[in-house]
Amino acid sequence: MSESIFSKIIKREFPAEIVYEDDELIAINDINPQAPVHILIIPKREISTLNELDESDAILMGKIIIVAKKIAANKDIAEDGYRLLVNCNKNAGQTVFHIHFHLLGGRIFGWPPG
Ligand code: 5GP
């Protein structure tokens, strides 16, 4: 399977605005933002969809949520609120098959989502 665009970004083979990085995760500004704050939090290990996760990934997934809340605080959207979501496969509109959490904030979001 060919490498995802996010793996290329992680290896610095493709540019991105990096807002956070550690050994396991990277967070970048979305190239096509849907809100004033739209950041993608991505595990460095390429996992294509949520369906591929198992129990051994629980700590990694939890870490993503903790990093998301820290970024939200840093971006000053924590108090007003934000949305953290993952699209899985075609019905959700997943377009990049390398798991990523969308952190969206800076505006009001509707519910239910369209
Ligand atoms: P999905 O639809 O898979 O949940 O979300 C993929 C997201 O990745 C989209 O919001 C899209 O704008 C973003 N994206 C796709 N290619 C790139 C890229 O090359 N750089 C960045 N920063 N974001 C990208």
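Positions within a chain are numbered from 1, following the residues in the order the chain's sequence is written. Only residues with pLDDT of at least 70 get local features here, since the model is predicted, and only at 80 or more are side-chain atom pairs given and counted; chain-wide, interface and lining totals rely on the full set of residues. Side-chain figures throughout are based on the complete set of non-hydrogen atoms in the structure, without hydrogens or water.

A. Region of the structure containing the site of the ligand. Any residue with a heavy atom positioned within 4 Å of a molecule or strand is treated as near that molecule or strand. Neighbouring the ligand are 18 residues; Asn29, Asp30, Asn87, Thr95 and His102 lie closest to it. The term polar contact refers here to a pair of N or O atoms within 3.5 Å; inside protein, the definition further demands a hydrogen-donor-capable atom paired with an acceptor-capable atom, and it admits residues adjacent in sequence only when both atoms are side-chain atoms. With respect to the ligand, the backbone of Val96 contributes an N or O atom lying 3.0 Å from an oxygen atom. A distance of 2.9 Å is found between an oxygen atom of the ligand and a side-chain nitrogen or oxygen belonging to His100. Accessibility throughout is a Shrake-Rupley quantity obtained with a 1.4 Å probe, and a residue counts as covered only by protein chains that appear here. Relative to its unbound accessible area of 520 Å², the ligand is 85% covered by the protein chains. For the purposes of this entry, the term helix denotes a DSSP run of H or I that reaches at least four residues, the term strand denotes a run of E that reaches at least two, and both are numbered from the N terminus. Only α1 (5–10), β2 (25–29) and β3 (37–43) provide two or more residues apiece to the shell around the ligand. In terms of residue count, the dominant contributor to the shell around the ligand is α1 (three residues). Class assignment for the residues of the shell around the ligand results in eight nonpolar, nine polar and one charged. Three classes are used, and their members are as follows: Ala, Val, Leu, Ile, Met, Phe, Trp, Tyr, Cys and Pro are nonpolar, Asp, Glu, Lys and Arg are charged, and the others, Gly among them, are polar.

B. Representation of the pattern of salt bridges. Definition used for salt bridges: Asp or Glu carboxyl oxygen within 4 Å of a side-chain nitrogen of Lys or Arg. Overall, the coordinates contain eight salt bridges when judged by the stated rule. The salt bridge involving Lys8 is made with Glu3; its shortest N-O contact spans 3.9 Å. Linking Glu21 and Arg12 is a salt bridge whose minimum nitrogen-to-oxygen distance equals 2.7 Å. What you see here is one network of salt bridges that share partners, running through Glu3, Lys8, Lys11 and Glu13.

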